Structures are given as C-alpha cells and as structure tokens.
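As a plain string of letters, each chain reads:
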Amino acid sequence: MATRMRPIDEATRAWARRRLELGDELRTARRMAGVTQLRVGAAVGVSGAEICRRERGQTSMRIADLVVHAAAVGLRVAVTTHPAGRGVRDEAQLRYLGRFLGRIGPGFTRELEAPVSLPGDPRAVDAVLRAPGVVIAVEVITRLTDVQAQVRAARLKARDIGATRLILAIAGSRANRRAFEAARPALAPAFDLDTRRTIGALARGRQPDRDAIVLL
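Overview of the structure. A quick note: this is a predicted structure, and the numbers were derived from the prediction, not measured.

What counts and how
- Residues numbered from 1 in each chain as written.
- Predicted model: local features only at pLDDT ≥ 70, side-chain atom pairs only at ≥ 80, totals over all residues.
- Heavy atoms only, no water.
- Helix = DSSP H or I, 4+ residues; strand = E, 2+ residues; numbered from the N terminus.
- Buried < 20%, exposed > 50% of the residue type's maximum accessible area, 1.4 Å probe, protein only.
- Contact = heavy atoms within 4.5 Å.
- Areas by Shrake-Rupley, 256 points an atom, 1.4 Å probe, with all protein chains shown as cover.
- Salt bridge = Lys/Arg side-chain N within 4 Å of Asp/Glu carboxyl O.
- Patch = residues over 30% accessible without salt bridge, like charges linked within 9 Å, V, L, I, M, F, W, Y side chains within 5 Å.
- Pairing = 2+ DSSP bridges.
- Axes fitted to C-alpha atoms, helices over the stretch in contact; angles between N-to-C directions.
- Expected span 1.5 Å × (residues − 1).
- Arc of directions from axis to C-beta.
- Phe/Tyr/Trp six-rings, centres within 6.5 Å; stacked < 30°, edge-to-face > 60°.
- Lys NZ or Arg CZ within 6 Å of the ring centre and 35° of its normal.
- Parallel < 35°, antiparallel > 145°, perpendicular 65-115°, else oblique.
- Nonpolar A, V, L, I, M, F, W, Y, C, P; charged D, E, K, R; others polar.
- Core = buried A, V, L, I, M, F, W, Y, C linked by side-chain atoms within 4.5 Å.

The secondary structure content of the protein chain amounts to eight helices and five strands. Shown N-terminal to C-terminal, the secondary structure of the protein chain runs as helices and strands in the order α-α-α-α-α-β-β-β-α-β-α-α-β. Counting only residues that meet the buried cut, the protein chain has 40% of its 216 residues in that class. Within the protein chain, contacts between residues at least 6 apart in sequence are counted, and of these 61% link residues at least 24 apart. Carbon and sulfur atoms make up 54% of the accessible area of the protein chain, which totals about 12200 Å².

Turning our attention to the pattern of salt bridges. What the rule picks out here adds up to 16 salt bridges. For Glu25, the salt bridge is made with Arg18, and the minimal N-O distance between the two is 3.0 Å.

Turning next to a nonpolar patch on the surface. A cluster of nonpolar residues, Ile63, Val67 and Val79, forms a patch on the protein surface that exposes about 260 Å² of accessible area. The residue Ile63 is located in helix α4 (residues 63–72) in this model.

With that out of the way, let us pick up the sheet that holds strand β3 (residues 134–141). Overall, mixed pairing links the five strands, which are arranged β1-β2-β3-β4-β5 in an open sheet. Since the sheet does not close on itself, it has two edges, and those belong to β1 (109–115) and β5 (212–215), each with one partner. The sheet shows a mean angle of 25° between the axes of neighbouring strands, direction not considered. As paired strands, β3 and strand β4 (residues 165–170) are joined by six bridges and run parallel to one another.

Turning our attention to helix α6 (residues 147–160). Helix length check: α6 (14 residues) gives 20 Å between terminal C-alpha atoms against 20 Å at 1.5 Å per residue, within 8%. Three or more residues of α6 are buried, namely Val147, Val151, Ala154, Lys157 and Ala158. One side of α6 holds all its buried residues, which, seen down the axis, span an arc of 130°. For α6, exposure combined with an orientation more than 90 degrees from the buried face picks out Gln148, Arg152 and Arg159. The secondary structure elements touched by the buried residues of α6 are β2 (124–131), β3, β4 and α7 (174–187).

Before going further, it helps to examine the packing of aromatic side chains. Counting across every chain of the model gives zero aromatic pairs. Positioned above the aromatic ring of Tyr96 is the side chain of Arg95, whose terminal nitrogen or guanidinium carbon lies 5.5 Å from the ring centre.

The interhelical angle for the contact between helix α2 (residues 37–44) and helix α3 (residues 48–55), taken along N-to-C directions, is 105°, at an axis separation of 7 Å. Judged on the interaxial angle alone, α3 and α2 are roughly perpendicular. Taken together, the residues of α3 that come into contact with α2 (itself represented by Gln37, Leu38, Val40, Gly41 and Val44) are Gly48, Ile51, Cys52, Arg54 and Glu55. Each residue belonging to the contact of α2 with α3 can be placed in one class, and the counts come to five nonpolar, three polar and two charged.

Ranked by size, the top nonpolar core spans 23 residues in total, and within it Leu168, Phe180, Leu187, Phe191 and Ile213 carry the most contacts. Looking at this core, the elements with two or more residues in it are β2, β3, α6, β4, α7 and β5. Here the element with the most residues in this core is α6; it accounts for four residues. Excluding its chain neighbours within four sequence positions, the residues that come into contact with Leu168 are Glu139, Ile141, Val151, Ala154, Phe191, Ala212, Ile213 and Val214. In terms of nonpolar packing, the next biggest core, distinct from the first, is built from 21 residues, Ile136, Val138, Val140 and Val214 among them.

Glancing now at the pairing of β5. Side chains of β5 alternate between two faces, with Ala212 and Val214 and Ile213 and Leu215 buried alike. Pairing of β4 with β5, which is carried by four bridges, proceeds in the parallel orientation. Within β5, the position partnered with Ile167 by the bridge is Ala212.

Structure follows, in structure tokens:
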C-alpha cells in the first residue's frame, strides 16, 4: 500500500510547502499595501489572528477563502490542474501488471512505480524494464477511454524518464478491444500493434523495434 499511496503522500507534502509559500505571498502583499492584519480580517470576515495563521501557513484555506483573501491584498489566484498519475491503483490494474511482467524474460531488471525524476513532479511510470542501453516504460491501462489523452500522458512520462521504448499494456476486455479497434488506424503509425511479436521480443530479453501496444 505504501508504494500505491506515494503520489498522494507527495502531493500532501507539496501542498504543505506551497501553503507556506502562499502565506509569504499574502503577508508580503499586505505589507506592500500598508494595511494591518486586523483590517484584512475585517474585509474578508475573519479575525486578525486567523489572518496571522494564514500568513504563517498554519491553517488550510478553502479555495474560495484563498481567492477572497488574495483579492483583499491585491492578488489574483489562478488554479490549474495537469495529469500527474493514476492515483490509487485497483486490484485489476495490479493483476494485469503482474500478468504482463510474468511474460518478460530474465534479461531485464524491473522497477515498479518508477518516479519521474523532475523536481516536484509526483508522476510515476507503472513499471520500467532496464537492460544495458535500454529503458522500457510500461503503462497499464485497465479501461481505454480517451485514447489520445491516455497515449499522450504515457508518452510524456516515457520521455521524462528517458525511456528508449514505451509499451502500453491494455486489459483485453470486450469494451477495450472495441475501443482499440476503433483507434487502430490512428495508433498504427506510432505503435507496433502485434501483441505476439512484442511479447516474444521481451521474453527473449530484447527491446522491441518500436513503441508497442499489447492486449492482455
């Protein structure tokens, strides 16, 4: 469970750091505006002591409270999201990952939940296979939904860990097979779609000739 919870733990730690930074930004803006904590508190409907706690990063604010507080000291809040990982794994994903790894030859070392080594980046690749001069990123997809978005997210992670190949291991459910066949014309130029050929190469300890998609 510790491995599976890593992105959540990292996000919690990142938010703790960001909360301190936000407090510093709110305090600096207030001082530049020449107003007291009591005055800011009166403007946003809280006590001066609460403003002090916020500026020290000692309390969590709802986004709505942060937006109002920031506006009172002349700041504007922008909130964005970006793909960062899959979150808590389910048993199906673990089962398919185990099924895939069980068909890999002994020539590779294996790393599960390999982190993307960029500062502050909570993303991780489901598995990485390594051999001399070879780094294969493996992403398991239990439900094929937005194919373009899922492929794009996997490619970005593979790029950021310096992978020489990307393999998407897709659960072979009926719904996934239908989605896969519908997307085949778009996927074929970038991926080897022959599961047997890709698994055969990996079983022999060899890197596939191209990025590949396998159905499990």
